[in-house]
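Coordinate analysis (summary)
Residues per chain are reported as follows:
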Amino acid sequence: QVQLVESGGGLVQAGGSLRLSCAASGSIFSINSMAWYRQAPEKQRELVAQINSGGITNYADPVKGRFTISRDNAKNTVYLQMNSLESEDTGVYYCYAVIRTRLTMTWSAYWGQGTQVTVSS
């Protein structure tokens, strides 16, 4: 089994910073892309940033220049550094990863349970 566990969410004032972490654990053979999504109240879940196994990144336009995604392959962990936070960044942030397990040796998508980020204006 594979688990993604996020941490680092919380309440912050506008202009502040937070760093999210997501650690993958279980019977992991390899990890392809990793990403962060978010879902604001009454809105659809949207991609925030993604990073592939080679370190190539992609960002949603609203967060470009403010957020940085990175990963530590040795720790099976992905990070999201969020700076200059705005009230529009409020939402539940979900970790996402495409993982090949030792058991099946096939690629599957996994989601974390989500962590709340609240930015007060």
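Above this text sits the structure in question.
Figured I'd write up the structure that's included with this text. What you see is a predicted model, and the numbers here were worked out from it, not measured in a lab.

Evaluated as defined, the whole model comprises five salt bridges. With a shortest N-O distance of 2.9 Å, aspartate 89 and arginine 38 are connected by a salt bridge. Taken as a pair, aspartate 89 in the loop between β8 (77-82) and β9 (91-101) and arginine 38 in strand β4 (residues 28-39) lie far apart in primary sequence, 51 residues in all. On the accessibility criterion, aspartate 89 (1% relative accessible area) is buried. In this structure, the salt-bridge partner of arginine 66 is aspartate 89, at a minimum N-O distance of 2.8 Å. One end of the pair, arginine 66, is in the loop between β6 (57-59) and β7 (67-72); the other, aspartate 89, is in the loop between β8 and β9, and 23 residues separate them in sequence.

Further remarks concern the side chain of serine 33. Mapped onto the secondary structure, serine 33 falls in strand β4. You can call serine 33 buried: its relative accessible area is 16%. Residue contacts for serine 33: discarding those within four places in its chain leaves Ile51, Asn52, Arg71, Tyr96, Ala97 and Val98.

All right, on to the packing of aromatic side chains then. Applying the stated criterion across every chain yields a total of four aromatic pairs. For the ring pair tyrosine 37 and tyrosine 96, a centre distance of 5.7 Å and an interplane angle of 65 degrees mean the geometry is edge-to-face. Linking tyrosine 37 in strand β4 with tyrosine 96 in strand β9, this pair joins segments that are 59 residues apart in sequence. Site record: aromatic cluster; members linked through ring pairs are Tyr37, Tyr94, Tyr96 and Trp111. Over the ring of tyrosine 94 we find arginine 45, and its NZ or CZ is 3.7 Å from the ring centre. The side chain of arginine 45 reaches across the aromatic face of tryptophan 111, ending 4.7 Å from its centre.

So, on to the state of the cysteines. Note: disulfide means a covalent bond formed between the sulfur atoms of two cysteine side chains. Counting across every chain of the model gives one disulfide. There is a disulfide in this structure between cysteine 22 and cysteine 95, and the S-S distance comes to 2.1 Å. Handedness of the cysteine 22-cysteine 95 disulfide follows from its S-S torsion of about -80 degrees: it is left-handed. Taken as a pair, cysteine 22 in strand β3 (residues 18-26) and cysteine 95 in strand β9 lie far apart in primary sequence, 73 residues in all. Assigned by exposure class, cysteine 22 and cysteine 95 land together as buried.

Our next topic: the pairing of β7. The alternating pattern of β7 places Phe67, Ile69 and Arg71 on a buried face and Thr68, Ser70 and Asp72 on a face that is not buried. Relative to β8, β7 runs antiparallel, the two being bridged by six bridges. Within β8, the residue paired with serine 70 across the bridge is tyrosine 79. Between the end of β7 and the start of β8, which pair antiparallel, lie four residues, with asparagine 76 showing a positive phi angle near 50 degrees.

Inspection of the sheet shows β4 paired to β9 by nine bridges, in the antiparallel sense. Pairing of arginine 38 across the sheet is with tyrosine 93, part of β9. By the bridge criterion, five bridges tie β4 to strand β5 (residues 46-51) in an arrangement that is antiparallel. What sits directly across from alanine 35, in β5, is glutamine 50. Two successive antiparallel strands, β4 and β5, enclose a turn made up of six residues, where glutamate 42 displays a positive phi of approximately 65 degrees.

Procedures and definitions
- Residues numbered from 1 in each chain as written.
- Predicted model: local features only at pLDDT ≥ 70, side-chain atom pairs only at ≥ 80, totals over all residues.
- Heavy atoms only, no water.
- Salt bridge = Lys/Arg side-chain N within 4 Å of Asp/Glu carboxyl O.
- Helix = DSSP H or I, 4+ residues; strand = E, 2+ residues; numbered from the N terminus.
- Buried < 20%, exposed > 50% of the residue type's maximum accessible area, 1.4 Å probe, protein only.
- Contact = heavy atoms within 4.5 Å.
- Phe/Tyr/Trp six-rings, centres within 6.5 Å; stacked < 30°, edge-to-face > 60°.
- Lys NZ or Arg CZ within 6 Å of the ring centre and 35° of its normal.
- Disulfide = S-S within 2.5 Å.
- Pairing = 2+ DSSP bridges.

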